[in-house]
Amino acid sequence: MLALLRVVASAALGLAVLTAGGAARAGSGQPTSWQVGLQESAAPVMDNLAAFHNFLLVIITLITAFVLALLVIVIVKFNARANPMPTRTTHNTLLEVLWTVVPVAILVVIAVPSFRLLFFQQDLPPADLTVKATGKQWYWTYSYPDSKFEFDSIMLQDKEREKLQPVPPRLLAVDNAMVVPVNKVVRVQTIGAEVIHAFAVPSFGIKIDAIPGRLNETWFKATREGIYYGQCSELCGKDHAFMPIEVRVVSEQAFAAWLEEAKKKFASDRTPGPAAIAAAGLAR
Ligand SMILES: [Cu+2]
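Residues numbered from 1 in each chain as written. Predicted model: local features only at pLDDT ≥ 70, side-chain atom pairs only at ≥ 80, totals over all residues.

### Some remarks on the confidence of the model for the protein chain
Logical step 1: Overall, the predicted model of the protein chain reaches an average pLDDT of 88, with 85% of residues at or above 70.
Logical step 2: This stretch, residues 16-26, has a pLDDT under 50; its non-local contacts, to residues over four places away or in other chains, come to 21 contacts. (pLDDT = per-residue confidence, 0-100. Contact = placed C-beta atoms within 7 Å.)

So, in structure tokens, the structure goes:
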């Protein structure tokens, strides 16, 4: 039994190392080829989500290995050939208490960190910046209510992407990215303009529905500068796959400079973009 436990423990450890290694190999802010595990984290919520995920992986591996070991024992030791005269034993109080109490204990061990993480996600800390993301068919509009401007964020087509250096990733890059400062708490408000969308950025560990007539809220604090991609994660219509999210996390000075420029660029320019006009045409 001791040898079996040792095998199970080393298998669980091996799996945990493999996933942790996979997470480390994954590119920053976007999915990578042959990625194993979650996208690399760039926010406290995602750090916690990844840790919880790895913790659950160890538990589920141990349980699966234990059940498999029991099955193998039964198959080998108690088949008709090896054990022609089966015992007529039916009850064992100790075993019955154990197989009720142990699973409950495992669930409690899982529930405690799970609820702690849920409260951490749901309890919005005081925000340094608010950005409202409106899901539209099929692009996002970002509003910066404190600075009173908003703009549309539309996916780059292949021809537009190829002109840029370095070439941004396909189906993820947009013309106007959402820009936020590093190490600041960003409150994200989401709403849907006509149908339900969902605002999701894996590296920040956020995924929240954008529902017409209802303002949802979540938050993130990006701890590293960089470009982070996400996608609409609620089937919202024919171009659901083509309304990506691009978040640029920049230094505080760079953000201040961008904010000044964006105020001028987007303030007067509230005429709808071509996609908006096309969408309105379809709606009518
Ligand atoms: Cu959508």
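### A closer look at the pairing of strand β6 (residues 197-201)
Logical step 1: The element β6 is largely enclosed, with a buried count of 4 among its 5 residues.
Logical step 2: Where β6 meets strand β7 (residues 206-210), 5 bridges bridge the pair, whose relative direction is antiparallel. The residue of β7 that forms the bridge with Ala-200 is Lys-207.
Logical step 3: Hairpin connection between β6 and β7: a loop of 4 residues separates the two successive antiparallel strands, and Gly-205 in this loop has a positive phi of roughly 70°. (Buried ≥ 20, exposed ≤ 12 C-beta atoms within 10 Å, placed from the backbone. Helix = DSSP H or I, 4+ residues; strand = E, 2+ residues; numbered from the N terminus. Pairing = 2+ DSSP bridges.)

### Concerning helix α3 (residues 93-122)
Logical step 1: Here α3 is 30 residues long and its end C-alpha atoms lie 43 Å apart, about the 44 Å a rise of 1.5 Å per residue gives.
Logical step 2: Judged by how many residues are buried, α3 sits mostly at the surface: 0 of 30 residues are covered. (Expected span 1.5 Å × (residues − 1).)

### A word on the sheet that holds strand β1 (residues 129-136)
Logical step 1: Here we have 5 strands laid out as an open sheet, ordered β3-β2-β1-β5-β8, and mixed in their pairing. Two strands bound the open sheet, and with one partner strand each, they are β3 (149-153) and β8 (216-221). Between one strand axis and the next, the sheet turns through 25° on average, direction left out of account.
Logical step 2: Taken together, the 5 bridges between β1 and strand β2 (residues 139-144) define a ladder with antiparallel strand orientation. Note that in β2 the partner of Lys-136 across the bridge is Tyr-139. (Axes fitted to C-alpha atoms, helices over the stretch in contact; angles between N-to-C directions.)

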